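# Close look at the chain arrangement
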Amino acid sequence: MKTTAAAQCDLNSALNAAHAFWVLAKPYFDEVPRENRRAKEFVMRTRGAFTAAATNVALSVELLLKTESIRCESPVLHTHDLRLLFDGLPRTSQDRVEQMYDAAIRSSSGKSAMMEIAVTRIPFPPKEADLAAARKSLVRVKDLRSLLSAECDAFETWRYFFTEGPTGPVAVFQSHFRSLGILADVLHRHIRDASKPKRA
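Residue indices follow the written sequence of each chain, beginning from 1 at its first position. With the structure being a predicted model, the display of local features is reserved for residues of pLDDT at least 70 and the display and counting of side-chain atom pairs for 80 or more, all residues being used for whole-chain, interface and lining totals. To obtain the side-chain values, all non-hydrogen atoms of the structure were used and water was disregarded.

### Quick look at the side chain of Ser146
Summarising the element assignment, Ser146 is placed in helix H7 (residues 144-150). Classification of Ser146 as buried rests on a relative accessible area of 7%. Within 3.5 Å is the distance limit for a polar contact, defined as a pair of N or O atoms, with the added protein rule that one can donate a hydrogen and the other accept it, and that residues adjacent in sequence qualify only through two side-chain atoms. Among the polar contacts made by the side chain of Ser146, one reaches the side chain of Asp143 at a distance of 2.8 Å. Contact criterion: two residues are considered in contact whenever any of their non-hydrogen atoms come within 4.5 Å of each other. Once you skip the residues sitting within four places of it in the chain, Ser146 turns out to touch Val139, Arg140 and Val141. Where helices and strands are cited, they refer to DSSP runs of H or I of at least four residues and of E of at least two residues respectively, numbered from the N terminus. Burial classes follow relative accessibility: with a 1.4 Å probe on protein chains only, a residue under 20% of its type's maximum area counts as buried, one over 50% as exposed, and anything between as partly exposed.

### Regarding the pattern of salt bridges
Between Lys or Arg on one side and Asp or Glu on the other, a salt bridge is scored when a side-chain nitrogen of the former is within 4 Å of a carboxyl oxygen of the latter. Tallied over the entire structure, the rule returns 9 salt bridges. Note that Glu98 and Arg145 form a salt bridge whose closest N and O atoms lie 3.4 Å from each other. Here the residue Glu98 occupies a position in helix H5 (residues 91-106), and Arg145 occupies one in helix H7, the gap between them amounting to 47 residues. Look at Arg145 and you get buried, because its relative accessible area is 18%. Note that Asp193 is salt-bridged to Arg192, the shortest N-O span being 3.2 Å. By relative accessible area, Arg192 is classed as partly exposed at 36%. Residues participating in the shared-partner salt-bridge network are Arg83, Asp87, Glu98 and Arg145.

### Some points on the nonpolar core
The biggest cluster of nonpolar side chains holds 44 residues, and the ones touching the most others in it are Tyr28, Phe29, Phe50, Val61, Leu65, Leu144 and Leu183. A total of 9 residues in this core trace back to one element, the largest contributor, which is helix H3 (residues 47-71). By nonpolar core is meant a set of buried Ala, Val, Leu, Ile, Met, Phe, Trp, Tyr and Cys residues that side-chain atoms within 4.5 Å join together.

### A word on the confidence of the model for the protein
Detailed reading of the predicted coordinates is not advisable wherever pLDDT is low. Scored between 0 and 100, pLDDT is the confidence that the predictor attaches to each residue. Confidence along the protein averages 85 in pLDDT terms, with 86% of residues attaining 70 or more. For the protein, strand S1 (residues 115-120) is the element with the lowest average pLDDT, namely 74, and helix H4 (residues 82-87) is the one with the highest, namely 97. Low confidence marks residues 1-6, where pLDDT is under 50. Its contacts with residues over four positions away, or in another chain, come to 4 contacts.

### Observations concerning H5
Under the 1.5 Å per step criterion, the end-to-end length of H5 is 23 Å for 16 residues, consistent within 8% with the ideal 22 Å. Within H5, burial applies to Ser93, Gln94, Val97, Glu98, Met100, Tyr101 and Ala104. On its buried face, H5 is in contact with H3, H4, H7 and helix H9 (177-194). Given a helix with a known number of residues, its expected span is that number minus one, times 1.5 Å.

### A word on the environment of Arg159
With respect to the element layout, Arg159 can be found in helix H8 (residues 154-159). On the basis of relative accessibility, which here comes to 48%, the residue Arg159 falls in the partly exposed class. Separated by 107 residues in sequence, Arg159 and Ala52 have C-alpha atoms that sit 7.5 Å apart.

### Section: the packing of H5 against H9
When two helices pack together, their arrangement is captured by the angle between the axes and the distance separating the axes. The interhelical angle for the contact between H5 and H9, taken along N-to-C directions, is 130 degrees, at an axis separation of 9 Å. In this view, H5 runs oblique relative to H9, as classed from their interaxial angle. When you trace H5 past H9, the crossing you get is right-handed. Counted together, Ser93, Arg96, Val97, Met100, Tyr101, Ala104 and Ile105 of H5 and Ser179, Ile182, Leu183, Val186, Leu187, Arg189 and His190 of H9 form the full contact between these two elements. Basically, the charged four are Asp, Glu, Lys and Arg, the nonpolar ten are Ala, Val, Leu, Ile, Met, Phe, Trp, Tyr, Cys and Pro, and anything else, Gly included, counts as polar. For the contact of H5 with H9, the residue count by class is 9 nonpolar, 3 polar and 2 charged. The axes are straight lines fitted to the C-alpha atoms, using for helices just the contacting stretch, and the angles between their N-to-C directions are given from 0 to 180°. Any angle from 65 to 115 degrees is called roughly perpendicular, while one under 35 is roughly parallel, one over 145 is roughly antiparallel, and all others are oblique. Handedness of a crossing is defined here by the sense of rotation of the near helix relative to the far one, left-handed for an anticlockwise turn of less than a right angle and right-handed for a clockwise turn.

Structure (structure tokens):
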């Protein structure tokens, strides 16, 4: 891809703006304890800040995927769906991002990587049977593509978290916040390196 100076400037502006949402979210997530029980207690005490940070990291990944579409001269889809945005990238771009993401995930073991929040219509803890039923619709995350499927609507989920209640006895929401943050860093690094002018 041949890039003019003006186009490069616009790409860099889009890249920096997209990554800025993750930069805003990261200080909060860095405070989340590594141990799962303590992590959940921390998030429950700071649920408003968690919701804001989860919204920001999801938006960052969305905008970074759209920036990569611009860099690749691919159509930019008008959607918040992270899986659709990733699937819309050229195969070479998908493969490179997957390789970088897998390597980054392997080096980040030992940290609490997912947070689950249950919301009920009742003022007391939900029944285990209701929790189990609510979890059946959740996607088990084991790689990049399953992460994007699990978090496909993360921006809308957390943006409207306090305005939309559960449709049944309980709703279970999960945020794979560390994995999304790793993906944001991977996308930023990939786009930055891939868009550098080639030496003659």
